[in-house]
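# Commentary on secondary and tertiary structure
Now for the letters of each chain:
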Amino acid sequence: MALTGIQIFKLLPKTNCKECGVPTCLAFAMNLASGKAELDSCPYVSDEAREQLAEASAPPIRPVPVGKGVRAATTGGETVQYRHEKTFFNQTLLAAQVGSDIAADELAGKLKQWNALQYERVGLNLRPELVAVKDVSGDAAAFAATAKAVAETSEFNVILMSEDAEVMKAGVEACGFKRPLIYGATADNLDAFGALAKDNDLPVGVKADSVEALAELSDKLTGMGLKDLVLDPGSREAKAAFADQVAIRRAALKDGNRSVGFPTIAFPCEMADNLDMETLLAAMFVAKYGGIVVMSDFAGENLFPLLLERLNIFTDPQRPMTVTEGIYEINNPDENSPVLVTTNFALTYFIVSGEVEGSKVPTWLLIKDSEGLSVLTAWAAGKFAGDDVGMFVKKCGIMDKVKNQELIIPGYAAAIAGDVEEELPGWTITVGPREAAHLPAFLRSK
Ligand code: SF4
């Protein structure tokens, strides 16, 4: 069980030195108990106390690493019910399912097609992580062969799906090196699956037909010394599945119920008979609160919106995405190329740079630190003021690279033109378009 604030307080140094960022050890203890602080923030906790506090300071939902290699990822580790309370940390992992009887060439074709589904957005590579291999016939050799092919011939990590311990054992022998999730521990096979997971140090998916029954099974597995569990409450109808996800998250976070303090797995592939409906269900689980979501297939038009939704849900709402301040060369500019300046909000950068690149006009793009705010917001907040922009242009080094002394500022920041001009004597300040979409025509007319 998690410790209360008072129990934690008794283990702290009680010097009220404030180094953890709050005025007293008691306040720190209360924050730690509610998941709002991390134990490492206090440098004076004794080793003995640290051990005792480890449980209290651990995330109420255990982070569970799945897989190896470039698509290895962690699910769980969440500390809040609602994203706006702090942030969600580990994004929902997306899986597509294949049957163990799939023909080798069909599997190779699917893996190739799924591997191609990668998208560059705001400097990130968006792609799915997992392939779920489902035992459809009880044939251990076929299950192992399919699992091996996925593990050895693709970057994807693997979920092994079978409730037959012998079949699962064959699958683990074939692809254990990729740290697969073994899914299908139930009341009937719990001991065998627990032993298999423990012997091979693998995460194990546990399934029951209610949240209460799931908690009992998870207690038995943790009693066997297993820590990395993934929970399936068994519901396959949208309303019940949604309610179970919320109940598990709430019980773990609000009630401190460690029996359900693990990430979940959801199966849209078993809840709908077409990929579009599966995608809608998957979108629901990405928002609330699926740790892993298994689809029957990946298609670009279905996967891409899910990846974008996931990107948005799992970014920190209190920290805008930014790019580094500096000079960005687009289309090989020279000393006569136009010079643009804008803010360091990642979306602003990627939209502006994309339009400039598409224009094919060689351009210098100056990115000024605006604490991640977009142009209009930054200007309104005083983070993109004329004198600041002028100072930045002087200091960033662009003057050594160009003869051209014209600076193009964003249309939404037209009001700063006079102040920039004052700061940059001899330069012409031109107000560019408000919308990035109008940049190509604007640049070509220069
Ligand atoms: Fe207390 Fe540690 Fe915080 Fe200092 S840093 S006030 S000792 S909890």
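The structure we're discussing is the one just above.
Thresholds applied
Residue indices follow the written sequence of each chain, beginning from 1 at its first position. Two thresholds apply to this predicted model, a pLDDT of at least 70 for residue-level local features and 80 or more for giving and counting side-chain atom pairs, whereas whole-chain, interface and lining totals are computed over all residues. Side-chain measures here rest on the full set of heavy atoms in the structure, leaving out hydrogens and waters. Each patch is built from residues lacking any salt bridge and having more than 30% relative accessible area; the joining distance is 9 Å for like charges and 5 Å for nonpolar side chains (Val, Leu, Ile, Met, Phe, Trp, Tyr). Residue-level accessible areas treat just the shown protein chains as cover; the underlying method is Shrake-Rupley with a 1.4 Å probe. The term salt bridge refers to a side-chain nitrogen of Lys or Arg lying within 4 Å of a carboxyl oxygen of Asp or Glu. By definition, any uninterrupted DSSP run of H or I lasting at least four residues is a helix, any uninterrupted run of E lasting at least two residues is a strand, and each is numbered from the N terminus. Per-residue accessibility, obtained with a 1.4 Å probe over protein chains only, is compared with the maximum for each type, and a residue is labelled buried under 20%, exposed over 50%, and partly exposed between these values. By definition, residues are in contact when any of their heavy atoms lie within 4.5 Å. Pairing between strands is defined by DSSP: at least two bridges between the two strands are required. Interaxial angle, 0 to 180 degrees, is taken between N-to-C directions of lines fitted to C-alpha atoms, where a helix line uses only the stretch in contact. When we say a residue is near a molecule or strand, we mean one of its heavy atoms is within 4 Å of it. Side-chain classes are defined by residue name, with Ala, Val, Leu, Ile, Met, Phe, Trp, Tyr, Cys and Pro counting as nonpolar, Asp, Glu, Lys and Arg as charged, and the others, Gly among them, as polar.

## Thoughts on a nonpolar patch on the surface
Residues Ile6, Leu26 and Met30 make up a contiguous nonpolar surface patch of roughly 240 Å² in combined accessible area. Within the element layout of this structure, isoleucine 6 appears in helix H1 (residues 5-11). You can call isoleucine 6 partly exposed: its relative accessible area is 43%.

## Considerations on the side chain of glutamate 423
Structurally, glutamate 423 is set in helix H15 (residues 417-423). Ignoring any residue separated from it by four or fewer positions in sequence, one finds glutamate 423 in contact with Asp387, Gly390, Met391 and Lys394.

## A closer look at unusual backbone geometry
Residues lysine 288 and tyrosine 289 are joined by a peptide bond in cis, for which omega reads -20°. You can see tyrosine 289 is positioned in the loop between helix H10 (275-287) and strand S12 (292-295). You will see that arginine 179, though not glycine, has its phi angle at about 45°, which is positive. Among the structural elements, arginine 179 can be located in the loop between helix H6 (165-175) and strand S8 (181-185). The class of arginine 179 is buried, set by a relative accessible area of 11%.

## Brief notes about the sheet that holds S8
Hydrogen bonds between backbone atoms are what pair the strands of a sheet, whose relative direction is either parallel or antiparallel. Here eight strands make up an open sheet; going across it, the order is S10-S9-S8-S7-S6-S3-S12-S11 and the pairing parallel. The sheet is open, and its two edges are formed by strand S10 (229-232) and strand S11 (265-266), each paired on a single side. The sheet strands contacting helix H4 (residues 104-115) are strand S3 (93-99) and strand S6 (130-134), and the helix crosses S3 at an angle near 165°.

## Structural notes on the site of the ligand
Neighbouring the ligand are Pro13, Thr15, Asn16, Cys17, Lys18, Glu19, Cys20, Cys25, Phe28, Cys42 and Pro43. Tallied by class, residues from the shell around the ligand come to seven nonpolar, two polar and two charged.

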